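# Report on the structure
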Amino acid sequence: MDKRETIPFVDLTAVYRRLRPEIDVAVAATLESGWYILGQQVNAFEVEFAAYLGLDSAVGVASGTDAVLLALRACDVGPGDEVITVSHTAVATVAAIELCGATPRLVDVDPDTLTMDPDRFRSAISARTKAVVPVHLYGGPAGMDDILSIAGEHGLVVIEDCAQAHGARLGGQMVGTMGDAAAFSFYPTKNLGAMGDGGAVATSRADVAERLALLRQYGWRERYVSAIPGYNSRLDELQAAILRVRLRHLDEENDARRRLAAAYDAHLAGLPVTRPAVLSEDRHVYHLYAIQTERRDDLRAHLNACGIGTAIHYPVPVHRQPAYARLGYGPGSLPVTERAADRVLSLPMYPDLPPDAPAMVAGAIAEFFDQ
Ligand SMILES: *Cc1c(COP(=O)(O)O)cnc(C)c1O
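Remember, it's a predicted structure, so these values are computed and weren't measured experimentally. (Residues numbered from 1 in each chain as written. Predicted model: local features only at pLDDT ≥ 70, side-chain atom pairs only at ≥ 80, totals over all residues. Heavy atoms only, no water.)

Within the element layout of this structure, leucine 288 appears in the loop between β12 (282-283) and β13 (289-292). Taking the C-alpha atoms as reference points, leucine 288 and isoleucine 37, 251 residues apart in sequence, are found 32 Å from one another. Contacts of leucine 288, omitting those with residues within four sequence positions, involve Phe9, Tyr138, Gln164, His313 and Ser346. (Helix = DSSP H or I, 4+ residues; strand = E, 2+ residues; numbered from the N terminus. Contact = heavy atoms within 4.5 Å.)

In structure tokens:
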């Protein structure tokens, strides 16, 4: 292969080209409506997305970070409270916990699934713990059975971070329907992506849905009168119009991701890399296809030289990032997370990735290990 990137890590123009007739119509109709903030596109998207999940409500907000923040606030989590989550996640999960005024408590992950280790969660619970935020990482569900039962024993609020797992299921149940509320991001690369920023909180708790509707717009129940202190965190009409189109294609796109992952699994079998662990009851939606190897950096350089794009999710665990040093987790404090940060490598994965790409990528990986 030549030096040009022949297999990009992700290609959002391919999504646009495929859906262009529908997206262009939706965008033009929204522009012509003259109504750009909290109107019929957002209302319709909220109804359709809640129905997709099988929940009573979804509330559109400005981003996934805000979705976690507002879900916590709507469940009355704030200053003085501790919230348990993982360090092996997008920094947004932890940033949102601090934005609501609570203190993040970071725990290690299971070495196979790289999602929250329920035993570590249990040991981190203190008298101040108010909530837990499990993250369904890479499109794979966290071990919710244990997490929910531990949270239930301690009366904790459960906010699922579903930013990477739109449409994933655990034992047939949709992720996002298991806790008090679920936070979704519609960042463009996510399985359900907008063409700008966006997010939503989904819930079947009527009290939480009602508080969310207030919180996202200055605490207004009635225009110009703030019933509670709120934020400005709105999903805009253009993004909602685009998301309505993309939601109609989410299941077929997730199926395409799952077929690509199966091809990767088949072609990587026998090579000295760890493939993503999938529990039998999971419907994984492969937001990312992350392998693990001790020789990650050299393999990445080799793939790059072969024109294959890769990424690392995440190279520096949240607890080792400069902004979070003050949380007091030293090197070695979350060993499974730190080991994963040195070993994970995300291979090209997006619904429009050509079906023969996994074989080509696996071929380049085999070549690396044969050298
Ligand atoms: C992307 C992401 C977020 C944040 O979403 P934004 O829309 O970028 O604010 C939160 N949590 C996880 C796990 C994510 O992957």
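Picking up after the structure, the text goes on.
A word on the sheet that holds strand β6 (residues 169-170). On the basis of which strands lie adjacent, the open sheet formed by three strands has the order β7-β6-β12 and antiparallel pairing. Each of the sheet's edge strands pairs with one partner strand only, and the pair in question is β7 (173-174) and β12. Two strands pair when backbone bridges link them, and β6 and β7 are joined in this way by two bridges, in the antiparallel orientation. Within β7, the residue paired with leucine 170 across the bridge is glutamine 173. (Pairing = 2+ DSSP bridges.)

Another aspect to go through is the domain arrangement of the protein. With domains assigned, the protein is organised as domain 1 (12-248) and domain 2 (250-370). Between domain 1 and domain 2, a total of about 3,400 Å² is buried, with carbon and sulfur atoms accounting for 54% of that surface. Considering only the surface of domain 1 that becomes buried against domain 2, Asp108, Tyr138 and Asn191 emerge as the three largest contributors, covering 20% of it. At the surface where domain 1 touches domain 2, the tally comes to four salt bridges. Close ionic contact of glutamate 98 with arginine 326 constitutes a salt bridge, the shortest N to O distance being 2.9 Å. Inspection of the region where domain 1 meets domain 2 yields 25 residue pairs in polar contact (both at pLDDT 80 or more). Of all the elements in the fold, those that place two or more residues in the side of domain 1 that touches domain 2 are α1 (12-33), α4 (91-99), β3 (103-107), β6 and α8 (237-248). (Domains from an automatic or database assignment. Buried area = accessible area lost by both parts, 1.4 Å probe. Salt bridge = Lys/Arg side-chain N within 4 Å of Asp/Glu carboxyl O. Polar contact = N/O pair within 3.5 Å; in protein donor to acceptor, adjacent residues only side chain to side chain.)

For the structure shown, the criterion picks out 18 salt bridges. Taking the shortest distance from any N to any O, the salt bridge between aspartate 297 and arginine 296 comes out at 2.7 Å. By sharing partners, the salt bridges in this structure join Arg18, Arg246, Glu253 and Asp352 into a single network.

Looking now at the site of the ligand. Within the structure, the ligand sits among 13 residues, and Gly64, Thr65, Asp161, Ser185 and Lys190 are positioned closest to it. Glycine 64 places a polar main-chain atom, nitrogen or oxygen, 2.8 Å from an oxygen atom of the ligand. Within the side chain of lysine 190, an N or O atom sits 2.9 Å from an oxygen atom of the ligand. At the level of elements, α3 (64-74) and α4 are the ones that each hand at least two residues to the shell around the ligand. Along the lines of polarity and charge, the residues of the shell around the ligand split into four nonpolar, seven polar and two charged. (Near = heavy atom within 4 Å. Nonpolar A, V, L, I, M, F, W, Y, C, P; charged D, E, K, R; others polar.)

Okay, unusual backbone geometry next. Omega for the bond connecting histidine 313 with tyrosine 314 falls within 30 degrees of zero, at 15°, which places this linkage in the cis form. You will see that tyrosine 138, though not glycine, has its phi angle at about 65°, which is positive. With relative accessibility at 6%, the residue tyrosine 138 sits in the buried group. Positioned with a positive phi, tyrosine 218 is a non-glycine residue whose angle comes to about 55°. Topologically, tyrosine 218 is positioned in the loop between α7 (206-215) and β10 (220-222). (Buried < 20%, exposed > 50% of the residue type's maximum accessible area, 1.4 Å probe, protein only.)

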